[in-house]
Amino acid sequence: MNIVVLVKQVPDTEGDRKLDPSDNTLDRAAVDPVINYIDEFAIEEGLRLKEAHGGEVTILTVGPERATESIRKALSMGADKAVHVLDDALHGSDAIATAKVIAKALGSVEWDVAIAGSEATDSRSAIVPALVAEILGAPQLTQARKVTVDGSTVTIERVTDTGYQSVSGSTPAVLSVVEKINDPRYPSFKGIMAAKSKPIDVKSLGDLGLDAGEVGLANAWSQVTSFENAPPRSAGQTVKDEGNGASAIADFLASKKLI
């Protein structure tokens with residue numbers, strides 16, 4: 001089984017993320033980059049499928065040169081190789097353009113299942129896996145908490161508001177997973193050392209048969225037109241209870257038209 005795991009490098013959620021005023025896009029240099037948290041569950045699930053059914057796990061990343069750091073971490077977890085789509089023209093691409101690039105990149109490798117995290121922490125759109133499946137005309141099995149493979153049939157338990165649904169599709173299929181699906185493994189020292197020599201195939205837009213006019217900020221369907229930084233929080237009001245605490249709180253809430 002050939003498994004491709006879609007991995008995105010994002011700004012660390014523990015950092016102070018902000019937008020770049022020069023073009024209103026995310027300032028990725030302001031915060032240390034990390035693998036998108038939920039993508040680690042996708043990597044783990046890909047590795048488990050390989051262990052159960054054989055084959056290879058390929059990491060696929062669309063991002064700047066620095067994304068190589070996240071690719072190497074994914075390889076150190078046990079993936080076999082990687083494809084890195086790297087092109088300056090990709091800056092500012094929206095979900096639609098990103099999905100188009102991923103779909104083209106998948107066409108350059110052999111794959112039976114493509115696995116992604118359910119969403120990225122820098123956008124929270126949760127639509128890229130579905131967009132990729134739509135572009136490719138492949139089954140989309142999203143929000144999976146469990147994945148099983150039987151021959152060319154993939155079945156998932158899809159998380160819903162009230163429980164889960166059992167959904168099946170034939171390969172090649174695009175999956176997305178949630179955090180409940182597994183516990184990602186930590187890279188071992190042996191894995192970290194081995195990752196240094198694992199192949200990373202770097203591809204440009206031209207290599208994929210795409211034109212710069214199809215991607216990038218200027219061609220995005222959605223853009224941030226303006227933004228303002230949130231004002232600093234003002235000091236709160238302290239109520240000292242001297243027998244009138246309840247009425248003082250009620251007066252405060254009434255002044256804010258909350259009661």
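Please refer to the structure higher up on the page.
Small disclaimer: the values here were computed from a predicted structure and weren't measured.

Enquirer: Summarise the overall build of the protein chain; cite the residues concerned and give the values.
Expert: Broken down by element type, the protein chain carries six helices and 13 strands. Looking at the protein chain residue by residue over its 259 residues, the buried ones come to 37%. Within the protein chain, counting contacts between residues at least 6 apart in sequence, those at least 24 apart form 71% of the total. Carbon and sulfur atoms provide 49% of the accessible area of the protein chain, an area that totals close to 14,300 Å². Taking the average place of the 26 positive charges on the side chains of the protein chain and the average place of its 37 negative ones, the gap between the two points comes to 4 Å.

Enquirer: Explain a nonpolar patch on the surface residue by residue, including any values.
Expert: The grouping of F189, I192 and M193 at the surface amounts to a nonpolar patch, some 330 Å² of accessible area in total. Along the chain, the position of M193 falls in helix α5 (residues 189-195). Judged by its relative accessible area of 40%, M193 is partly exposed.

Enquirer: Requested: an account of helix α4 (residues 128-136), with residues and values cited.
Expert: The complete set of buried residues in α4 reads V128, P129, V132 and A133. Seen end-on, α4 carries its buried residues on one side only, within an arc spanning 140°. Contacts made by the buried residues of α4 are with α3 (95-106), β8 (113-117), β9 (140-150) and β12 (173-177). Following α4 by one or two positions, G137 adopts a phi angle in the positive range, close to 70°.

Enquirer: Can you lay out the pattern of salt bridges for me, pointing to particular residues and giving the numbers?
Expert: The tally for this structure, following the rule as stated, stands at 13 salt bridges. Taking the shortest distance from any N to any O, the salt bridge between E56 and K81 comes out at 3.3 Å. Taken together, the positions of E56 in strand β6 (residues 56-62) and K81 in strand β7 (residues 81-85) put the pair 25 residues apart, joining distant regions of the chain. Note on K81: relative accessible area 32%, which makes it partly exposed. Within the structure, one salt-bridge network assembled from shared partners comprises E44, R48, E51 and R185.

Enquirer: So what's going on with the pairing of β8? Which residues, and what values?
Expert: Counting buried positions along β8 gives five out of five residues, so the element sits mostly inside the fold. What you see with β8 is no split at all: V113, I115 and G117 on one side and A114 and A116 on the other are buried throughout. The pairing of strand β1 (residues 2-6) with β8 spans four bridges and is classified as parallel. Paired with L6 across the bridge in β8 is A116. One ladder, built from five bridges, connects β8 with β12; its direction is parallel. Among the inter-strand pairings, G117 is bridged to a residue of β12, identified as V177.

Enquirer: Got a sec to walk through the packing of helix α1 (residues 39-53) against helix α2 (residues 68-77)? Specific residues and values, please.
Expert: For the pair α1 and α2, interaxial distance at closest approach is 10 Å and the crossing angle is 35°. The element α1 and its partner α2 pack so that their crossing is right-handed. From α1, E40, I43 and L47 reach across to α2, where they touch K73, A74 and M77. For the contact of α1 with α2, the residue count by class is four nonpolar, no polar and two charged.

Enquirer: Summarise unusual backbone geometry; cite the residues concerned and give the values.
Expert: Note that the residue after T171, namely P172, is joined by a cis bond; omega there is 0°. In this fold, P172 is placed in the loop between β11 (164-170) and β12. Positive phi outside glycine occurs at A126, with the angle close to 60°. Within the element layout of this structure, A126 appears in the loop between β8 and α4. In this model, Q143 sits at a positive phi of 60°, which is unusual for a non-glycine residue. Mapped onto the fold, Q143 is located in strand β9.

How each quantity is defined
Residues numbered from 1 in each chain as written. Predicted model: local features only at pLDDT ≥ 70, side-chain atom pairs only at ≥ 80, totals over all residues. Heavy atoms only, no water. Helix = DSSP H or I, 4+ residues; strand = E, 2+ residues; numbered from the N terminus. Buried < 20%, exposed > 50% of the residue type's maximum accessible area, 1.4 Å probe, protein only. Contact = heavy atoms within 4.5 Å. Areas by Shrake-Rupley, 256 points an atom, 1.4 Å probe, with all protein chains shown as cover. Lys, Arg positive; Asp, Glu negative; His and termini not counted. Charge placed at Lys NZ, Arg CZ, Asp CG, Glu CD. Patch = residues over 30% accessible without salt bridge, like charges linked within 9 Å, V, L, I, M, F, W, Y side chains within 5 Å. Salt bridge = Lys/Arg side-chain N within 4 Å of Asp/Glu carboxyl O. Arc of directions from axis to C-beta. Pairing = 2+ DSSP bridges. Axes fitted to C-alpha atoms, helices over the stretch in contact; angles between N-to-C directions. Left-handed = near helix turned anticlockwise from the far one by under 90°. Nonpolar A, V, L, I, M, F, W, Y, C, P; charged D, E, K, R; others polar.

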